[in-house]
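Residues per chain, in single letters:
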Amino acid sequence: MGIQLSVPIILMAFVCELVDSSLGMGYGTILTPVLLALGYEPVEIVPAVLLSEFITGVTAGFFHHEFGNVDLRPGSQHFKIMVVMTGLSVVGVLLAVGVAITVPSWVVKLYIGALVLVIGLAILKGHRKEVAFSWRRIGGLGFLAAFNKGISGGGYGPVVTGGQVLAGVRGRSAVGIASLAEGITSAVGVLAYLISSTSVSWHLAPSLVLGAVLSAPLAAYLVSRLPAGRLTLAIGGLSTMLGGYTLVRLLL
């Protein structure tokens, strides 16, 4: 059977990734519920989303570097932050597996929603202040982001992007770092599916990958043109909305 493409799914992936690669969050959080509502099963969605996040994350990281949003040359501070974030992902995922088995899903959603909401509000409150860079905050929030990814499959982008801003990283640099770190993290998930399961369906992957990849250069260009203050406000605002949305869904 040849590759099958769906124009509506390509367009959805394009829009969701445009948001994600511009603000460092939102792709899986927005796209997964929409695909579930359309009748697709998690086994069809999650592997395809992870594959598209891997390819697009690396692509977006490249374009963010090329447009000067972030310096990802080996040895640079931004590259070191990305390596730390990616390394913590492995540790966070391993620890999260045991927790995910024993903790009810509503508790996980409550924790992630509250954490993302608090980070968003903290960014909005202090967006005019200059924050001194802190490796301690980078490490702590990076671990939380990775833990979230492992325990629920979501909550990575808002914490890793918003957390970097709270740790003193400029908004556009935080977006570029988050894009590449999440891309590499998603690659681990793709490998896990390839190794552990033979029943996974990849038929959504071509459409998701195509739509998402097409948005990457446009998103990086938009970030390079957005004033730093407005970008920080946008990151804080979207974090607040995603956290609030997660909490509201628990009540409905």
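Since we're looking at a predicted model, the values are computed, not measured.

Visitor: Before we go on, may I ask you to explain the overall build of the protein chain in this structure?
Guide: The number of helices and strands found in the protein chain is 10 helices and zero strands. In the protein chain, the succession of helices and strands from N to C terminus is α-α-α-α-α-α-α-α-α-α. Counting over 252 residues, the protein chain shows a buried share of 45%. Taking the contacts inside the protein chain whose residues are at least 6 apart along the sequence as the reference set, 83% of them involve residues at least 24 apart. Of the roughly 11,900 Å² of accessible surface on the protein chain, 70% is carried by carbon and sulfur atoms.

Visitor: Any chance you could explain the packing of helix 1 (residues 7-23) against helix 2 (residues 27-37) here in plain terms?
Guide: Working note: a packed helix pair is described by the angle between its axes plus the distance between those axes. Helix 2 packs onto helix 1 with a crossing angle of 155° between their chain directions and a minimal axis gap of 8 Å. Classified by the interaxial angle, the pair formed by helix 1 and helix 2 is roughly antiparallel. Handedness of the crossing formed by helix 1 with helix 2: right-handed. Residues Met12, Ala13, Cys16, Glu17 and Asp20 of helix 1 form the contact with helix 2, whose own contacting residues are Tyr27, Ile30, Leu31, Val34 and Leu35. The residue makeup of the contact of helix 1 with helix 2, split by class, is eight nonpolar, no polar and two charged.

Visitor: It is not clear to me how helix 9 (residues 205-225) should be interpreted in this structure. Could you clarify?
Guide: One turn of the α-helix equals 3.6 residues, which is why residues spaced by three or four share an orientation. Compared with the 30 Å implied by 1.5 Å per residue over 21 residues, the 31 Å span of helix 9 between its first and last C-alpha is a close match. If you look at helix 9, its biggest bend is around 30°, right at Ala216, and the proline Pro217 turns up within four residues after that.

Visitor: Can you help me understand the packing of aromatic side chains in this one?
Guide: The relative placement of two aromatic rings is captured by the distance of their centres and the angle of their planes. Counted by the stated rule, this structure contains three aromatic pairs. Between Phe67 and Tyr221, the aromatic rings sit 5.9 Å apart at their centres with planes inclined by 65°, giving edge-to-face as the arrangement. Highlighted residues: Phe67 in the loop between helix 3 (42-66) and helix 4 (77-102) and Tyr221 in helix 9, separated in sequence by 154 residues. Ring centres of Phe133 and Trp135 lie 5.2 Å apart, and the angle between their planes is 85°; this geometry places the pair in the edge-to-face category. Judged by relative accessible area, Phe133 falls into the partly exposed class, the value being 29%.

Rules behind the numbers
- Residues numbered from 1 in each chain as written.
- Predicted model: local features only at pLDDT ≥ 70, side-chain atom pairs only at ≥ 80, totals over all residues.
- Heavy atoms only, no water.
- Helix = DSSP H or I, 4+ residues; strand = E, 2+ residues; numbered from the N terminus.
- Buried < 20%, exposed > 50% of the residue type's maximum accessible area, 1.4 Å probe, protein only.
- Contact = heavy atoms within 4.5 Å.
- Areas by Shrake-Rupley, 256 points an atom, 1.4 Å probe, with all protein chains shown as cover.
- Axes fitted to C-alpha atoms, helices over the stretch in contact; angles between N-to-C directions.
- Parallel < 35°, antiparallel > 145°, perpendicular 65-115°, else oblique.
- Left-handed = near helix turned anticlockwise from the far one by under 90°.
- Nonpolar A, V, L, I, M, F, W, Y, C, P; charged D, E, K, R; others polar.
- Expected span 1.5 Å × (residues − 1).
- Bend = angle between axes of the 7 residues up to and from the residue.
- Phe/Tyr/Trp six-rings, centres within 6.5 Å; stacked < 30°, edge-to-face > 60°.

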